Amino acid sequence: MSYNFLLVSWGTLGNLSPLLTAARRLHRNGHHIRVMADPAMRSEVEASGFAFVAWRRAPTGKAADPVDVSDVKDFLRQAIFDPAALYAADVRDEIGRMPTDAVLVLDVLFGAALGAEASGVPFALLSPHVSIRPLPGMPPAVGGLGQPKTPQERAAVDAANARLAETLNVFLPSFNRARADLGLPLLADVFDLFDRANRLLLATSRAFDFQADSLPDNFRYIGPLLDVPNWSKSRQTEAWRAPWSAQSGRPRGLIACSTGAQGQRELFQRIISAMEAVEIDALATAGPNVDVADLRTPNNVHLVRGAPHDLVMKDVSVVISQGGHGTTTRSLVNGLPQLILPMGRDQAANAARVEAKGAGLQLPPTASEAEIAAAVNRLIAEPQFRKAARLLGEAMKVDIDRSGLVDEMEAIAATGRAARPQPRKQPLRKSA
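Residues numbered from 1 in each chain as written. Predicted model: local features only at pLDDT ≥ 70, side-chain atom pairs only at ≥ 80, totals over all residues. Heavy atoms only, no water.

Draft legend 1. Structural context of the nonpolar core. One finds Leu 7, Val 8 and Met 409 to be the most contacted residues of the largest nonpolar core, which totals 101 residues. Sequence-distant contacts of Val 8, defined by excluding residues within four places in its chain, comprise Leu 19, Met 36, Trp 55, Val 91, Val 103, Leu 104, Val 105, Leu 106, Leu 109 and Ala 112. Residues Ile 255, Ile 272, Leu 303 and Leu 363 belong to the second largest nonpolar core, which totals 29 residues. (Core = buried A, V, L, I, M, F, W, Y, C linked by side-chain atoms within 4.5 Å. Buried < 20%, exposed > 50% of the residue type's maximum accessible area, 1.4 Å probe, protein only. Contact = heavy atoms within 4.5 Å.)

Quick look at the structure:
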């Protein structure tokens, strides 16, 4: 049976890419897809072959996804809670405009989830990273804590989860007003929104993640969603050509700048400069938010705006990045150790998992060139990092192959269609 799915994105290409991977899997199973996203994402969505729907009332661009995240509460207010009613209104309008059996929403779009819930349409929250919903015994997605092993560490994790809930619940009164205006029941805690979803789909690998004491009934691991974005493909007009000589005999590395705007130019420059002190040939990809003309490179670093990371990773032995979920998981699937310098969002959580699994190292974003060079030299010289990355990557591939994304979305769509009133068939009139 074919269903009509509305997929709802927010912010940058880094957020959109896993959603488009989900869209392709659903489409291959015969379903109809519409993608609602920032107007700047239109070309990426349409290049993937899906109908595009732009936000009309909700904020877009930097107003939707502020670059400055130094004040977490201000970021939460601007990006998630103040515009919640606007996101909800746009989603309700789109559900009313076209038949919709189920909605797949990025987990940070709380307002879009309200729109689906108020419309009576089943919806799933997609987390293309570690869980932002606190889980018992698991550290939160921010802060970079590890898996607790002692009572003291457990207490620290519990306290961090409580602080996260407290930070978000500052906005609970305004969020509940938006719910009341839509005729929805009030919540006792912001994170209770996750219990309202038919599914909470975590697009990461169980093998990569830390272990929670228990998981909610609607929670499912579906494995990473790693399709290559079209903007990256489009910059490769011919087959990938490595910038280094096959005769050099030196290790090779990939320096991958985040696709999100985090004010990372200075960090990216410091990483590039640090490679002058490493016996390595490196490719640095600046992404869409750093101007390559503003950067200086030593002779052993080749700088481009974009490159096909899946192909590049077949040709390198180490990856250096800010630790976005896509780059981190793609590196592991390719069996590559990595150095992560997290700047925010879920990056510290990813770095903590990579380091805990023995598959890499992390440094603060303030690390010096000498510290960066020393860490890269360790990753190249010490074989245990590559061995751990390879073993973890093999386990992650199994999770990807077994992904239940399509089955879960079909299940909630079937429930929604069964509950939706069907048009009454008019009896045939007998001819005279």
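Draft legend 2. Representation of the packing of helix H12 (residues 325–333) against helix H15 (residues 383–401). For the pair H12 and H15, interaxial distance at closest approach is 7 Å and the crossing angle is 105°. As judged from the angle between their axes, H12 and H15 are roughly perpendicular. The segment H12 lies against H15, with Thr 329, Leu 332 and Val 333 engaging Ala 389, Leu 392, Gly 393, Met 396, Lys 397 and Ile 400. Looking at the contact of H12 with H15 residue by residue, the class counts come to six nonpolar, two polar and one charged. (Axes fitted to C-alpha atoms, helices over the stretch in contact; angles between N-to-C directions. Helix = DSSP H or I, 4+ residues; strand = E, 2+ residues; numbered from the N terminus. Parallel < 35°, antiparallel > 145°, perpendicular 65-115°, else oblique. Nonpolar A, V, L, I, M, F, W, Y, C, P; charged D, E, K, R; others polar.)

Draft legend 3. Seen up close, the sheet that holds strand S5 (residues 123–127). In spatial order, the strands read S3-S2-S1-S4-S5-S6-S7; together these seven strands make up an open sheet with parallel pairing. With partners counted over all chains shown, the strands left at the sheet margins are strand S3 (51–54) and strand S7 (219–221), one partner each. Averaged over all neighbouring strand pairs, the angle between strand axes comes to 25°, with direction disregarded. Alignment of S5 against strand S6 (residues 199–202), held across four bridges, turns out to be parallel. Across the sheet, residue Ala 124 finds its bridge partner in S6, namely Arg 199. Strands in contact with helix H1 (residues 13–28) are strand S1 (4–8), strand S2 (32–37), strand S4 (102–106) and S5; relative to S1, the strand with the most contacts, it is inclined by about 170°. Sheet strands in contact with helix H5 (residues 110–119) are S1, S4 and S5, and its direction is about 160° off that of S5. (Pairing = 2+ DSSP bridges.)

Draft legend 4. Up close: the pairing of S6. Of the two faces of S6, the one lined by Arg 199 and Leu 201 and the one lined by Leu 200 and Leu 202 are each fully buried. Of the strand pairs in this sheet, S6 and S7 are connected by three bridges, and their pairing is parallel. By the bridge assignment, Leu 201 is partnered in S7 with Arg 220.

Draft legend 5. Region of the structure containing the sheet that holds strand S11 (residues 318–321). The strand order across the open sheet formed by six strands is S10-S9-S8-S11-S12-S13, and the pairing between neighbours is parallel. Each having just a single partner strand, strand S10 (301–304) and strand S13 (360–362) make up the two edges of the open sheet. Each strand of the sheet is rotated relative to its neighbour by a mean of 15°, with strand direction disregarded. Two strands pair when backbone bridges link them, and strand S9 (residues 281–285) and S10 are joined in this way by four bridges, in the parallel orientation. Note on S10: the bridge partner recorded for Thr 285 is Val 304. Contacts between helix H13 (residues 347–356) and the sheet are confined to strand S12 (338–340) and S13, with S13 contributing the most and set at about 140° to the helix.

Draft legend 6. Here's a closer look at the environment of Arg 177. Inspection of the secondary structure assignment puts Arg 177 in helix H7 (residues 172–181). With a relative accessible area of 51%, Arg 177 lands in the exposed category. For Arg 177 and Ser 273, which are 96 residues apart along the polypeptide, the C-alpha to C-alpha distance reads 51 Å.

Draft legend 7. How the structure looks around the pattern of salt bridges. Under the definition given, this model contains 23 salt bridges. One salt bridge in this structure joins Arg 57 and Asp 90, with 3.0 Å as the shortest N-O distance. Of this pair, Arg 57 sits in the loop between S3 and helix H3 (72–81) while Asp 90 sits in helix H4 (residues 84–97); the two residues are 33 residues apart in sequence, bridging distant segments of the chain. Its relative accessible area of 37% is what places Arg 57 among the partly exposed residues. For the salt bridge of Arg 57 with Asp 93, the shortest nitrogen-to-oxygen distance reads 2.7 Å. With Arg 57 in the loop between S3 and H3 and Asp 93 in helix H4, the pair connects residues that are 36 residues apart, well separated along the chain. If you follow the salt bridges from partner to partner, you end up with Arg 56, Arg 57, Asp 90 and Asp 93 in one network. (Salt bridge = Lys/Arg side-chain N within 4 Å of Asp/Glu carboxyl O.)

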